[in-house]
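So the chains spell out like this:
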Amino acid sequence: GSVAMPAFEDETRSDTVCTVLVRLRDQVKQVGMAFFSPSSREFSVCEFIDNDHLSILEAAILQTTPKQCYHFVVPAVTKRVKELLEGCDVGQEEVKSVLFKTDSVEQDLERLLEDGVKNHLQEVSMQVAMPCLAALIDRTRLLADHGNFGACRLKIHLVDAYMRLDKASFSALQLLPRPGDGVRVPTSVLGFLNRCRTAVGSRRLTQWVTQPLVNPEELGKRHDIVELFVNDEPFRQAVVNRHLSSVPDLDRLLARFRNVGRSTGTSAGLEDMVRLYQCLLGTDKLHRVLLGYMGAHRDVLEAMITRPLGSCLKDFHNFFALVEQTVDLDEASKGNYIISSAFEPSFKALEQRKKELWAQVEALAQQVQSKLGLGAGKDGGVRVVEATGGQGWAFRVTKKQQKTVQSKPGMRTVQLNKGEFLFTNPAMEKLVRQVKEVDDDYQTRQSALVQKALQVAATYHPVLERLAAVFATLDVLTSFALVSISSKGSFVRAKIDPTNKVVDLRGARHVLVEEVTDGAFIKNDVVMDRESSRMFVITGPNMGGKSTFIRMVALVSLMNQVGCFVPCDSATLPLFSAVMCRVGASDLQLRGVSTFMAEMLEASCIVQTATPTSLVLVDELGRGTSTYDGFGLAWAIADHLATKVSCFSLFATHFHEVAALADVRPCVVNKHVRALTHKEKLTFLYEVREGFADQSYGVHVAEMARFPEHLVTNAKRKAEQLETGSKAANKRFRGEAGEMESLAEVLAASDVDDLMARFRRVEPALRAAVAC
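Worth saying up front: this structure is predicted, and the values here are computed from it rather than measured. (Residues numbered from 1 in each chain as written. Predicted model: local features only at pLDDT ≥ 70, side-chain atom pairs only at ≥ 80, totals over all residues. Heavy atoms only, no water.)

A. Inspection of the pattern of salt bridges at higher detail. For the structure on display, the rule yields 37 salt bridges. Here Asp249 makes a salt bridge to Arg252, at a shortest N to O gap of 3.4 Å. On the basis of relative accessibility, which here comes to 17%, the residue Asp249 falls in the buried class. Relative accessible area serves as the criterion here: at 58%, Arg252 is assigned to the exposed category. (Salt bridge = Lys/Arg side-chain N within 4 Å of Asp/Glu carboxyl O. Buried < 20%, exposed > 50% of the residue type's maximum accessible area, 1.4 Å probe, protein only.)

Structural data, given as structure tokens:
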């Protein structure tokens, strides 16, 4: 498709950078990709054969949400790649082919990877991905920072391990929040599902929403843990309220520890060591709670959460000792992060000297107070405070005592503030200098020890990364449980149909619409069978709920494959390999593509790339052209999806004549959204029932919009005149369904020019077939 996807909330953006290479070999498009995340120092690569629409490339981009892409592609697809990246809101730069040379890539990887090249023979053998990796290393300048050496990882990104989602699906299903909405506002799928208590959990949820699973075993594990948290409230509260809420941002801590010893980025300090130490104390308590769980799915909880958490704690054993021996934890509790005097004996002498000096300072303040003749009350006493601007410590009195102080010899003004007067004298200045000398000596000695302690602490970053991953997973799964028990209406665990033959949703709801609905949301059942009812043709009035209904089915399916319970009374679902949408009337006129052209390109992509395990949504196709052209194309596309692709499809249309497809295709079932007319008034019921709508109610909608009465009357009369001709044409069209299948030729187009050429070839036949 070519719909430009709206920009998303900044909080959902990753820091990933990627490179793309597209080659053409015997008319086959070979695509290579490489990704790098600076925060995790992780490379990932993939390569695949793509179609003319580059829909697999699009899916990979949407799964990884990179912020920047460097690409070199064959001229035949340059325009398509640029449009695709622009539509996905990814920054892009076309680079020269010389960057994709692999002469030194293995040598570079040997220096960068923590486990060397020998453990990545499969990745290194990828002929299209490795040039991308070479270009990526160059663009990110990783070799210029020695801190990256031996610190990076490499893996293969498996595009087919996740449900493929196109740009239209992202937009139609409102997966990610729009700018300004925030990641917790329930106007998007992410915002609705986000009850996470940790920053790492929110980030992991964003990843899961864009990467729904297709592996039933992995999905089942997620469902098991959500189910145990839904059913065991005391256990859930103990985990969420007492432990997850106090977990710091482990990703940022990790980044700080990785920067220790580097000249760039914010490096960790003693405060970060203490924060991690306190987190680990809480983790130990959480681990004991998890060990005590004896309910259902205990084995899954142990494998996914309890055992990995215990392994992290074991590996952090010496970190506990490091912090307890080197950091003064009593001072840390007051916000003062220093090396413990017990760790360095010379610190005791410095601390004692500092205490003696401060005792002298306090005694001097008492002497000055007596000399000035001031009382010890709130307004009359002399206190010692630190002046701003690096002027050191000084005496402080209220402003009304300023003249008294200035009348005494030897008193020097330090600072005049609103309501207070700061001053000093030679004796105080001498003591302050001595205190500073002791502090400087302490800091000099401490700085070297702090760096040594931090260098040791930084070696624990791989364990910290594992800990962050466990907490992220636990947080997301408990968030799913909280959504399932606290949202409007019932949520249930969907049964997975291993045969991929049945969709059975009872009492299903669209949760994002339900969130903004004041009254009760009208539930609907969806029962589809691959052999007898794999396509629903849905007719009915505009604003009657057709779009909400078809999006609801896709949204329920996606929530299921993310790992959450679904908003139904009961649910049985297959695992879809892709959700593909042709919805709305997105106009790309600023890029020279009309509404009709945009929807035809989207439809063309769906027809060419959908498989029997796809879920396809088509909403109001053909509105951007003449009635006959639009009807013919809608019929041809619906027929192709039903008979050639044989996937589950929901086809909402304003062409009621498409309902005749059910007469010639047994796998097509007609549905309509109910509406009542009483005394010329139209009432939407938002219920989906069997059969097709017998009228469009368009004139009634015009009445609701308060059109002038004479226009409405004229419209009714004209509609009645056309009704007879439309039915006659429909009968003839039904008889020539086989001939109209040739219209699918249009949808084999690969770009705008090809599509228009094909459409012009079939247009005369279309008009002849449906002419009245």
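B. Region of interest: the pairing of strand β1 (residues 17–25). For β1 and strand β4 (residues 68–73), the ladder comprises six bridges, and the chain directions are parallel. Bridge assignment links Thr19 to a residue of β4, and that residue is Tyr70. Sheet topology note: the β1/strand β2 (residues 28–37) ladder contains nine bridges and is antiparallel. What sits directly across from Leu21, in β2, is Gly32. Following β1, the chain reverses through two residues before pairing antiparallel with β2; Asp26 in that reversal takes a positive phi of roughly 55°. (Pairing = 2+ DSSP bridges. Helix = DSSP H or I, 4+ residues; strand = E, 2+ residues; numbered from the N terminus.)

C. Looking closely at the sheet that holds strand β6 (residues 153–156). Strand order in the open sheet made by the six strands is β5-β4-β1-β2-β3-β6, with mixed pairing throughout. Edge strands, defined here as strands with exactly one partner in the open sheet, are β5 (91–94) and β6. Averaged over all neighbouring strand pairs, the angle between strand axes comes to 20°, with direction disregarded. For β2 and strand β3 (residues 42–50), the ladder comprises nine bridges, and the chain directions are antiparallel. Residue pairing in the sheet places Phe36 in a bridge with Phe43 of β3. Here helix α1 (residues 55–64) sits on the sheet in contact with β1, β2 and β3, set at roughly 160° to β3. (Axes fitted to C-alpha atoms, helices over the stretch in contact; angles between N-to-C directions. Contact = heavy atoms within 4.5 Å.)

D. The packing of helix α9 (residues 216–231) against helix α21 (residues 546–562), seen in detail. For the pair α9 and α21, interaxial distance at closest approach is 8 Å and the crossing angle is 85°. As judged from the angle between their axes, α9 and α21 are roughly perpendicular. Facing Leu219, Arg222 and His223 of α9, the residues of α21 in contact are Asn560, Gln561 and Val562. Taken together, the residues that form the contact of α9 with α21 break down as two nonpolar, three polar and one charged. (Parallel < 35°, antiparallel > 145°, perpendicular 65-115°, else oblique. Nonpolar A, V, L, I, M, F, W, Y, C, P; charged D, E, K, R; others polar.)

E. Up close: the sheet that holds strand β13 (residues 502–508). The strand order β12-β16-β13-β14 describes an open sheet built from four strands, whose pairing is mixed. The outermost strands of the open sheet, each flanked by one partner alone, are β12 (495–496) and β14 (524–529). When β12 meets strand β16 (residues 570–573), the two strands line up parallel, connected through two bridges. Each residue of the ladder has a partner; that of Lys495, found in β16, is Thr572. Set on the sheet, α21 makes contact with β12, β13, β14 and β16; between it and β14 the angle comes to about 75°.

F. Geometry of the pairing of strand β19 (residues 648–652). Burial of β19 is extensive: five of the five residues sit out of reach of the surface. Here β19 shows no split at all, with Phe648, Leu650 and Ala652 on one side and Ser649 and Phe651 on the other all buried. Pairing geometry for strand β15 (residues 535–539) and β19, over four bridges, is parallel. Looking at the pairing, Phe536 lines up with Leu650 of β19.

G. Quick peek at the packing of helix α13 (residues 298–315) against helix α19 (residues 461–486). Following both chains from N to C, one finds α13 and α19 inclined at 155°, their axes separated by 10 Å at the closest point. It follows that α13 is roughly antiparallel to α19 by the angle criterion. Crossing of α13 against α19: the hand is left-handed. Across the interface between the two elements, Met304, Ile305, Pro308, Leu309, Ser311, Cys312 and Asp315 of α13 pack against Val463, Arg466, Leu467, Val470, Phe471, Thr473, Leu474 and Leu477 of α19. Grouping the amino acids of the contact of α13 with α19 by side-chain chemistry returns eleven nonpolar, two polar and two charged. (Left-handed = near helix turned anticlockwise from the far one by under 90°.)

H. How the structure looks around the environment of Cys152. Note on placement: Cys152 falls in the loop between α5 (129–140) and β6. You can call Cys152 buried: its relative accessible area is 0%. Through-space distance from the C-alpha of Cys152 to that of Arg41 is 4.9 Å; in sequence the pair is 111 residues apart.

I. Seen up close, unusual backbone geometry. For Asp89, which is not a glycine, the phi torsion comes out positive at approximately 60°. Residue position: Asp89 is located in the loop between α2 (75–87) and β5.

J. Quick peek at the state of the cysteines. Going through the model one piece at a time under the given rule, you end up with zero disulfides. Here Cys69 stays free of any disulfide, with the sulfur of Cys18 as its closest cysteine sulfur at 3.5 Å. Residue Cys69 is classed as buried on the basis of its relative accessible area, which comes to 0%. (Disulfide = S-S within 2.5 Å.)

K. Spatial organisation of the packing of aromatic side chains. Applying the stated rule across the entire model yields 17 aromatic pairs. Through a chain of ring-to-ring contacts, the aromatic side chains of Phe229, Phe235 and Tyr293 assemble into a single cluster. Taking NZ or CZ as reference, Arg139 lies 5.7 Å from the ring centre of Tyr70, over its face. The aromatic ring of Phe536 is capped on one face by Lys671, whose charged end is 4.9 Å from the ring centroid. (Phe/Tyr/Trp six-rings, centres within 6.5 Å; stacked < 30°, edge-to-face > 60°. Lys NZ or Arg CZ within 6 Å of the ring centre and 35° of its normal.)

L. Examining α9 more closely. Under the 1.5 Å per step criterion, the end-to-end length of α9 is 22 Å for 16 residues, consistent within 8% with the ideal 22 Å. When α9 is considered as a whole, its buried residues turn out to be Leu219, Gly220, Arg222, His223, Asp224, Ile225, Val226, Leu228 and Phe229. Buried residues along α9 sit against α8 (199–210), α10 (233–240), α13, α19, β12 and α21. The backbone nitrogen of Glu217 has a side-chain oxygen 2.8 Å away, supplied by the residue at the start of α9, namely Asn215. (Expected span 1.5 Å × (residues − 1). Polar contact = N/O pair within 3.5 Å; in protein donor to acceptor, adjacent residues only side chain to side chain.)

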